[in-house]
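Residues per chain are reported as follows:
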Amino acid sequence: MSFRQSIASSLSSGWRFLRRHVATLCWLVVTLALLAALALATLLPRAVEQVVNKLAAGLSADGAIDVTVTRIGLFGSDLSCRSSGDAHDGPDRIEHYLSIPSVRISYRPLQLLRGHLNSIDIDAAQAAVLVKDGHAELPLLKLLKRDATPAATPAPPFDLPAFYASLPVRVDTIRVSGDVLVCTPHEIIPVACQILLQTPPPAADGPVIAFQVQLRHSRNVLRSTGRVDIAAARVDVSAQWQADSEAMPLSLRRLLPAQCGVTLSGQADVVIALASMDLQVVNAQLACKANLDQQRAEIKAIAALAMNTRTRAFSALDARLEGIVDVTEQSLVVQCQPVITAKLQADQQVAINISGVSADIAGAKLAITRIDAVGDSAGKAAQGSILAAINDQSLPTLAFAVTRDQGAIAIDLSSASEAAAAATPPAPPLSWRIAGYDLRLSAPAISAQARLNDGGHCQLSLSCQDLRVANDEFRSAMSADSVAIHAEAQLGDSIDYQLAMECGDLTLTRDDIQAGMSAATVDISGSGSDATARVLLSALSAQCPPGVQAAIGACSVELSANGPDVQAVVRVNDGRVAMPERDFSAQFTLEWPLLWPPPATAAPVGVFHVSDCRIGQESLGAMDGTATLSQAGLAIAADASLRGLTATLMADIAPFPAADVTLRAAFTLPEQPLPPGILPVSLVPQLADFSIDGKIAGDAAFSMAAGKQQGKAIFSLSDGVVANPRQKLTVSGLKLSFALPDLPTLRSAGNQQASFQELNVGKIAISNGRLRFGMERPDSWLVENLSFKWCDGRIRLDSTRFSPETKRPRLTLTCDRVKLGALLEQLGVGQDQGEGRISGTIPVVLTEHGPRFRDAFLYSTPGETGMIRLRPAGTLSAMAAASDQLSLALDALSDYSYSWVRLSLDSDKDMLKLKLETDGKPTQPLYYAPKDGNIVRSAVASIFQGLQLNANFNIPLEKSTELFQNFNQLFKQQ
């Protein structure tokens, strides 16, 4: 058999073998496929279930989250999650810190077994964030178990590639949709949250995660997109945000003033290197606008920076902020365009510049011309200067330095050094007009230091010369030769502090009031709420109209405070008050311990003493008193000695402190004899020859409550005796009662009474006087009626008012049955032993020159006769020698029987013109005879059967009105 035949035979045999066994091979493949399918159908779901349960168990392994698997499918599963434990710090309606009702996982079974998921979709998730006392925290973190790390051990750098490699699964896409519940003490703020994480196909340089995040609350939105380079451990973020205060939640809206609208927008590109914690921000832009009642503020900022967040050191910084501010609030007006720049220089120093800041405060234009500062990029040290001006007048340049070392911050602020000040000419005094006040002072020297740490120490020194503050509206001014303030504070758990202030030659003036002191010192020290203070004022003096001068040798106030409780002692030594124009002076001292709040009982008692109170050389008296301040009020009690009279004064002001203060005061002058020498002779020289005796008493009370004032006072004098031997004046049986029923109105009730038994002035004798009167005001008095006995008759004066409006009061004295002889005698005509009586009226006008009579007319009772037996005064007898008619009248009146008589009085300058008319006959012959129609002297006596007389007498007014002139001299103004 040939080779070709051999090959053909072999192929034919093989084909026959395949035909015989092909069915067997097909059944084998089908059997294997069915076995594989059976194995997958039986084992794969269980394997998927085990993987899903393993993932769920891993999420809840630490007990912080409860995971419930609701469905497991071959290509997807459904889960739900919630935090385990109650939200003790959250609102009542928040039952859990985390709630995710729907978590859907999509996968391919075999890929799932290899730890790969197609997607995770989280819907309706809710996570709580608690905001309390200005701090925000994620309460879910409290439930997570963490490995304890010693505090001294620094945290290792975050290894993102290792963390990514340690993840049990890989996920292509993660979608999260839900709410972040921001829980504040006042409300729950839902913030809608959407997150998308995607892992693109692996690149040559390693895996990358792209992400999108959006947070939204109404019109307040934050959007960010970026990518995470796992291998490079780098995060690139591009963020945009916008906010509107009208759509802000209440917790944020209430932080803004009412009716204030704010809009905010911005964007930034951020790169974070997680391994080194380097942060780079590029193209950062911020825009903010605020409006309030037509007031506005705008801020625009651009910045670029690079820094290490661990060391806080900058490697690049370039920022600029520009603003427009237009704000008017009462006395504050801000209209400026501030500019702030910050740049990192080549020497790693950060230069900060601030300019364009100005404001008008109470009429004073304050401008910060420039602030320049240079510091290292790590923020450990900075120094610079501040240039400012008030009302376009430059202030001294202030230099400052700030250093930070291990958490401690030191701040030093000072004006020009002494060497620099000595090398430059002295700066001119500063003067401004602020809120109506003119302020003038020398360039102040300022020095301040602060150490801010656990035991931080701060100190401030400020001094200036020739300080003067004046206000034209209030007509007041204050000046001091020097003012120095030094303050120190130690910061810690409690603040320990000291403050010292010294003023030299302090002067205060207002209108005609002037006050001054040679020195004033204030020392305060304390710790926390406990403090002690001492204020010492030396050589105080004051002067105010009308000519009142006061001086205090020294005044000190010592104070100690223990929390809200304060104890103080006020001492005034060597106090003096004087009124030189009135020659009045007095001395006083005071020592008063005080407690605040006032105690309910056992309040400390203060004492005061007023001594050597006098006018000229005339001593007026003294006063000793006490004062207490308690919860019941302020109580003052004093015993006074007033020229030998003892009196008491009491006053209560309650409740205290309160807006509606009630005042009650009482003055008591118990009945007591008038002491000798009570009349102030040196003050009123006209009283030099007077003496007074009797008993005096008085009471006064005054109260003020609910805005109403009321009071009353009454004084009385009894058994009074007044005498003046030189002027031959005596008054006995004097009684007086005077009341003011409606204080503080100085007006008495009607029917005030005064009386006397006897009043004698020279030859004039008055008795049984009764006066009823009232005071309408201090310069207006109403005499309701006056009656007294004069010349054995009754004199009455009806209602008459004495006031500035009635410059010349007109009085009408009604005379009833006045004895003619006594009247002629007291008028200076002569002595009359007759029994004749007359009645009538005597009008009197009180002028600045004394009383003047106008048409006074008195007459005898019709049908009643009488006798006149006149013995003329010497002056009239001398005048009669030159006049036969006057001589006849005087001789006839020496023993004359009248059937009627009339008397008239008138004043002519300083003379009293008296006219006496009568009809009757002389009882004795007269050496006169008729001749040529007249009656002339005769050597032969004649008997007159009837003789009508008409006699005129001119008498000096001072002599005839001696009583009025005495009182005019007594009370006229000196």
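The shown structure was predicted, so the numbers you read here are calculated from the model rather than taken from an experiment.

### Focus: the overall build of the protein chain
In step 1: Assigned secondary structure in the protein chain consists of 10 helices and 58 strands.
In step 2: Excluding contacts between residues fewer than 6 apart, the proportion of contacts in the protein chain whose partners are at least 24 apart in sequence is 47%.
In step 3: Summed over its atoms, the accessible surface of the protein chain is roughly 55,800 Å², and 59% of this surface lies on carbon and sulfur atoms.

### Focus: the pairing of strand E35 (residues 618–630)
In step 1: Direction of pairing for strand E34 (residues 605–615) relative to E35: antiparallel, over a ladder of nine bridges. Bridged to isoleucine 615 within E35 is glutamate 618.
In step 2: Taking the residues between adjacent antiparallel strands as the criterion, E34 and E35 are bridged by two residues, where glycine 616 takes a positive phi near 65°.
In step 3: As paired strands, E35 and strand E36 (residues 633–642) are joined by 10 bridges and run antiparallel to one another.

### Some details on the pattern of salt bridges
In step 1: The full count for this structure, using the stated rule, is 20 salt bridges.
In step 2: Taking the shortest distance from any N to any O, the salt bridge between arginine 71 and aspartate 78 comes out at 3.0 Å.
In step 3: When its relative accessible area of 15% is taken as the criterion, aspartate 78 is described as buried.
In step 4: For the salt bridge of arginine 296 with glutamate 298, the shortest nitrogen-to-oxygen distance reads 3.4 Å.
In step 5: Each member of the salt-bridge network shares a partner with another, and the members are Arg534, Glu558, Arg571 and Glu591.

### Here we look at the nonpolar core
In step 1: One finds Trp790, Leu823, Ile842, Leu903, Leu914 and Phe953 to be the most contacted residues of the largest nonpolar core, which totals 57 residues.
In step 2: In this view, leucine 823 contacts Trp790, Cys791, Val818, Ile838, Leu858 and Leu903; residues no more than four positions away in its chain are not counted.

### Details of the confidence of the model for the protein chain
In step 1: Chain-level pLDDT for the protein chain is 79 on average; 85% of the residues reach the 70-or-more range.
In step 2: Segment residues 966–974 is flagged for pLDDT under 50; beyond a separation of four residues in sequence, or across chains, it makes eight contacts in the model.

### A closer look at the side chain of aspartate 121
In step 1: Along the chain, aspartate 121 turns up in strand E4 (residues 116–132).
In step 2: Among the residues examined, aspartate 121 registers a relative accessible area of 19% and is labelled buried.
In step 3: Among the polar contacts listed, one links the side chain of aspartate 121 to the side chain of arginine 175, at a separation of 3.1 Å.
In step 4: In this view, aspartate 121 contacts Ser102, Val103, Arg104 and Arg175; residues no more than four positions away in its chain are not counted.

Procedures and definitions
Throughout, residues of each chain are indexed from 1 in the direction in which the sequence is written. Per-residue local features are limited, in this predicted model, to residues with pLDDT of at least 70; the limit for side-chain atom pairs, both in listing and counting, is 80 or more; totals at the level of whole chains, interfaces and linings are taken over all residues. Only hydrogens and water are removed before side-chain values are computed, so all heavy atoms of the structure are retained for them. Helix and strand assignments come from DSSP, with helices taken as H or I runs of at least 4 residues and strands as E runs of at least 2, each series counted from the N terminus. Contact between two residues is taken to exist if any of their heavy atoms lie within 4.5 Å; hydrogens are not considered. For the accessible areas, the method is Shrake-Rupley and the probe is 1.4 Å, while residue cover comes only from the protein chains on display. In this description, strands pair whenever DSSP reports at least two bridges between them. A side-chain nitrogen of Lys or Arg and a carboxyl oxygen of Asp or Glu constitute a salt bridge if their distance falls within 4 Å. Relative accessible area decides the class of each residue, using a 1.4 Å probe on protein chains only: under 20% of the type maximum gives buried, over 50% gives exposed, and in between gives partly exposed. As used here, the term nonpolar core means buried Ala, Val, Leu, Ile, Met, Phe, Trp, Tyr and Cys residues forming a set that is joined through side-chain atoms within 4.5 Å. Here pLDDT means the predictor's own confidence in every residue, given as a number from 0 to 100. Definition of a polar contact: a pair of N or O atoms within 3.5 Å, with one able to donate and the other able to accept a hydrogen when the atoms are protein atoms, and with sequence-neighbouring residues admitted only if both atoms are side-chain atoms.

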